[in-house]
Amino acid sequence: MTLTFASRIDGIQIRCLIGSDRPIAAPTLCFSLMAAPKVVSGGTMVRRVAGYAEIALPDLVPGTEHEVVLEHAHKEFGPRNRAWLPLGAYLRVGKECLPLPPRTDLGLREVDGPPAPALPADRVPLVPQPTEWRPSGATVAFATLAHVPGLDGVADLAVRLGLAPLMQAGGAALVVGEDPALGAEGYRLTIAPAGLSVTVGGPAGLHYAGITLLTLRETCGGKLPCGTITDTPRFGYRGQHLDCARHFFGVDFILRLLDLMALLKLNRFHWHFADDEAFRLEVETQPLLWQRTVFRGEGELVPGVFGGGIRAGGSYSKADVARVVARAKTLQIEVLPEIEVPAHSHAMVKAVPGLRDPGDNGEEVSVQGYLDNIVNPAVPGTWDLLVPLAKEVAGLFPLGILHLGADEAPHGAWDGSPAVAALKAREGLSTSDDVQGWMLAKLAAELGSEGVRVAAWEEAAKGCQGGIGNAALLFSWTGQGPGIEAARRGHDVVMCPAQHAYFDLAHSPDPDDWGAAWAGFVPLEKTVAWDPVPKGAENITPRIAGVEACFWGEFTVEDSQAEGMIAPRILGIATKGWEPAGRTDGSALRALAGAYAPLFDSIGWKRYRSA
Ligand code: ACM
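Since this is a predicted model, take the numbers as computed values, not measurements.

Draft legend 1. Region of interest: the overall build of the chain. Helix and strand content of the chain: 14 helices and 26 strands. A globule of 611 residues ought to have a C-alpha radius of gyration of about 25 Å, and the chain, at 25 Å, matches this closely. For the chain, with 611 residues in total, the buried portion stands at 59%. The long-range share in the chain, meaning contacts at least 24 apart out of those at least 6 apart in sequence, stands at 72%. Carbon and sulfur atoms make up 54% of the accessible area of the chain, which totals about 21,700 Å². Computing the positive centroid from 53 side-chain charges and the negative centroid from 69, the chain places the two 3 Å apart.

Draft legend 2. Molecular detail of the packing of aromatic side chains. This structure, assessed with the given rule, holds 20 aromatic pairs. Between Tyr502 and Trp552 the ring centres are 6.2 Å apart and the planes differ by 50°, which places this aromatic pair in the tilted class. With Tyr502 in the loop between α11 (498-501) and β26 (544-549) and Trp552 in the loop between β26 and α12 (563-566), the pair connects residues that are 50 residues apart, well separated along the chain. Site record: aromatic cluster; members linked through ring pairs are Tyr237, Trp457, Phe475, Trp477, Tyr502, Trp518 and Trp552. Over the ring of Trp578 we find Lys265, and its NZ or CZ is 5.6 Å from the ring centre. The residue whose ring lies beneath Lys442 is Trp383, and the NZ or CZ to ring-centre distance is 4.6 Å.

Draft legend 3. Quick look at the pairing of strand β7 (residues 66-72). Most of β7 is tucked away: 6 of the 7 residues are buried. Note that strand β4 (residues 37-41) and β7 share 4 bridges and pair antiparallel. From the neighbouring strand, Lys38 faces β7, where its bridge partner is Glu71.

Draft legend 4. Examining the sheet that holds strand β12 (residues 187-192) more closely. Read across the sheet, 5 strands follow the order β10-β14-β12-β13-β11 without closing on themselves; strand pairing throughout is mixed. The open sheet terminates on both sides in strands that have one partner only, identified here as β10 (132-141) and β11 (174-178). Neighbour-to-neighbour, the strand axes of the sheet open up by a mean angle of 20°, direction not taken into account. Direction of pairing for β12 relative to strand β14 (residues 223-231): antiparallel, over a ladder of 5 bridges. Bridged to Ile191 within β14 is Gly227. Contacts from helix α2 (residues 203-219) reach β11, β12, β13 (195-200) and β14, with the element oriented near 35° to β12.

Draft legend 5. How the structure looks around the pairing of strand β2 (residues 13-20). Counting buried positions along β2 gives 6 out of 8 residues, so the element sits mostly inside the fold. As consecutive antiparallel partners, strand β1 (residues 3-10) and β2 are separated by 2 residues, and within that stretch Gly11 has a phi angle of approximately 65°, a positive value. In terms of strand pairing, β2 meets β7 through 5 bridges, oriented antiparallel. Paired with Arg15 across the strands is Val69, a residue of β7.

Draft legend 6. Here's a closer look at the nonpolar core. Counting 177 residues, the largest nonpolar core has Leu145, Phe269, Trp271, Phe279, Met348 and Ile468 as its most contacted members. Examining the composition of this core, we find that 10 residues originate from one element, helix α3 (residues 251-263), more than from any other. With sequence-adjacent residues up to four places away left out, Ile468 is seen in contact with Leu404, Gly437, Leu440, Ala441, Ala444, Val454, Ala455, Ala456, Ala460, Leu474 and His491. One finds Phe5, Ile18, Ala89 and Leu98 within the second-largest nonpolar core, a separate group that totals 20 residues.

Draft legend 7. Structural detail: the sheet that holds strand β24 (residues 473-476). Taken together, the 8 strands give a closed barrel; going around it, the order is β15-β16-β21-β22-β23-β24-β25-β26, and neighbouring strands pair in parallel fashion. This sheet shows a mean twist of 30° between the axes of neighbouring strands, independent of strand direction. Across 4 bridges, β24 lies against strand β25 (residues 492-495) in parallel orientation. The partner of Leu473 across the bridge, within β25, is Asp492.

Draft legend 8. Here's a closer look at the pattern of salt bridges. As enumerated under the stated definition, the model contains 34 salt bridges in all. A salt bridge links Arg92 to Glu298; its shortest N-O distance comes to 2.6 Å. Here Arg92 is found in strand β8 (residues 87-93), whereas its partner Glu298 is found in the loop between β19 (295-297) and β20 (311-313), with 206 residues between them in sequence. Judged by relative accessible area, Arg92 falls into the buried class, the value being 16%. For Glu298, a relative accessible area of 26% gives the class partly exposed. Across the pair Arg311 and Glu300 runs a salt bridge whose closest N-O atoms are separated by 3.3 Å. In this pair, Arg311 is assigned in strand β20 and Glu300 in the loop between β19 and β20, connecting sequence segments 11 residues apart. On the accessibility criterion, Arg311 (51% relative accessible area) is exposed. Here the salt bridges share partners, and the residues they tie into one network are Asp243, Arg246, Asp275, Glu277 and Glu554.

Draft legend 9. Structural detail: the packing of helix α1 (residues 152-160) against α2. Their axes nearest at 8 Å, the elements α1 and α2 cross at an angle of 35°. Every pair of crossing elements has a handedness; the one defined by α1 and α2 is right-handed. Together, Val154, Leu157 and Ala158 of α1 and His207, Gly210, Ile211 and Leu214 of α2 make up the contact between the two elements. The residue inventory of the contact of α1 with α2, partitioned by class, reads 5 nonpolar, 2 polar and no charged.

About the cut-offs
Here the residue numbers are simple positions, counted from 1 along each chain's written sequence. Where local features are concerned, this predicted model is filtered to residues with pLDDT of at least 70; where side-chain atom pairs are given and counted, the filter is 80 or more; whole-chain, interface and lining totals use all residues. Remark: hydrogens and water are excluded; side-chain values derive from all non-hydrogen atoms of the structure. The secondary structure listing takes helices from DSSP runs of H or I that are at least 4 residues long and strands from runs of E that are at least 2 residues long, numbered from the N terminus. All radius of gyration figures rest on C-alpha atoms, and the globule criterion is 2.2 Å times the number of residues raised to 0.38. Burial status follows relative accessibility: with a 1.4 Å probe on protein chains alone, a residue under 20% of its type maximum counts as buried, one over 50% as exposed, and anything between as partly exposed. Contact criterion: two residues are considered in contact whenever any of their non-hydrogen atoms come within 4.5 Å of each other. Note on areas: Shrake-Rupley with a 1.4 Å probe; residue coverage comes only from the protein chains shown. Charge counting treats Lys and Arg as positive and Asp and Glu as negative, with His and both chain ends excluded. Lys charges are placed at NZ, Arg charges at CZ, Asp charges at CG and Glu charges at CD. Aromatic contacts are taken between Phe, Tyr and Trp rings whose centres are within 6.5 Å, Trp giving its six-membered ring; a plane angle under 30 degrees counts as stacked, one over 60 as edge-to-face, and the others as tilted. Charge-over-ring placement is defined geometrically: NZ (Lys) or CZ (Arg) within 6 Å of the ring centre, and within 35 degrees of the ring normal. The pairing criterion is simple: DSSP has to find at least two bridges between the two strands. Note on method: axes are straight lines fitted to C-alpha atoms, helices fitted across the in-contact stretch only, with angles between N-to-C directions ranging 0 to 180 degrees. Residues belong to a common nonpolar core when they are buried Ala, Val, Leu, Ile, Met, Phe, Trp, Tyr or Cys residues joined through side-chain atoms within 4.5 Å. Put simply, a salt bridge is a Lys or Arg side-chain nitrogen that is within 4 Å of an Asp or Glu carboxyl oxygen. Crossings are assigned a handedness: left-handed for a near helix turned anticlockwise from the far helix by less than a right angle, right-handed for a clockwise turn. Residue polarity follows a fixed list, in which Ala, Val, Leu, Ile, Met, Phe, Trp, Tyr, Cys and Pro are nonpolar, Asp, Glu, Lys and Arg are charged, and the others, Gly among them, are polar.

Spatial relationships are all this shows, so hold off on functional conclusions.
This is the structure in structure tokens:
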């Protein structure tokens, strides 16, 4: 049997054509969109879970393509580009699933835009730019170093990236000295015809000096510019997040991402492995959690939401975690795990009985369109699961911080729950925010008693009793306003404003582009067109721990599709995390991206090329 499937954007609508060379009686079209769909014509919706839908079609007749016209249920989610077209489409006929031909247009197009401008003369081809660069004029040939204790992590990185070795017998000597005044991550590197020397504030500083040498060797074609680099990061938290719940990224991809981060002196990997679609860590405290959610699709607890199709997924074993943590350590990166509660917990609720109030008659809907994606803090089952789970997960990661989630509780959460009504009366709470804040503070206290600090998205600050509590590290994602507010109230804050730091947002409004659009588009220039400490908020400077870029996986169905979303924009977050304010603007970053293009290409990391 030959089946055909094509879809296209037509204004606010999505038109799908389905064909078959054999008659098919009463098929059901199963697929997902980025947001909840509704049927305009051509079939009848029989099931919907978030952006996943099943549409009963009339019999398919050979020689005639059948058209189904869709819209998004929420008018503000018009389809923006190819990522908004159906993903994972298949037909169910009786008990049989017939895959429709996979789309051949997934991911970014690799079309070259105009050439990048030349790098201004006062810059070294290095991202982030060093705090201070004093050129002395000459250049010196550089290929390898003689062995330097403390640079093995960088040398191994060079090998993994397929670059020439960094250290080998007969290589140039690097004279290493120490000056604690440079700070733990700081270094001063002198490149001169007479030789190389570095003064470091600590092992991390030496590592970053090694990264600088390796990078300059590559971006300068083996001829280092002579002079002195004095370098120290502006922020201690320089992160990249990866959503491995919506799309299961293989461990090899994660390790490659760590390598890329290391090349740019990023030092925090935020591992988002749990969300509405899956809990992917193979925990022992509640094995049902991952065993029942690792795969989604036909016949699974969670259907093929976000491109899951007939079956997609995977889980991370403890050995995987140990591998990621160990590799990260060699690259001066710490791993921040996230368990994501109370909302974004559809998979958790489906997998483990007893996390909802059986008397809850509320009908709150999450932004993504789920009806039951929040655990109930007033039932004992929630605590029986969460406390041991949180402690187990935190214990796997040396950082000593556990991100609890706390974003996007659906409007009216728990309003229909008698158990929460009783909790509110008992604890003096009135709103959903109050309840969430109370719950997070309780979980934070449990973890605090074991020496674990908590982190959470910005919403965790809400609540009449002070939300999660001041000790929590908060992530400001809808913009910088909530982060400024939280910092003023005594929280340490990581700035990850979607408008500048969400790499799942499309690079441009071009309908041939790829990606989300809810907070606008993020061309390369926009990744540096902001300050983590905005003007007028200088008094909160000590509270800004740093910055993070996020990559959400809603429309990613293969690991490699994330690459061109992340690069070259990851240069922007590296810039913001390390450099003094305002050092690199959009046009300088564009020039630096040009200088890095051959490096991205030689390490085999795809980059967005169209702008
Ligand atoms: C988020 O993007 N919901 C943190």
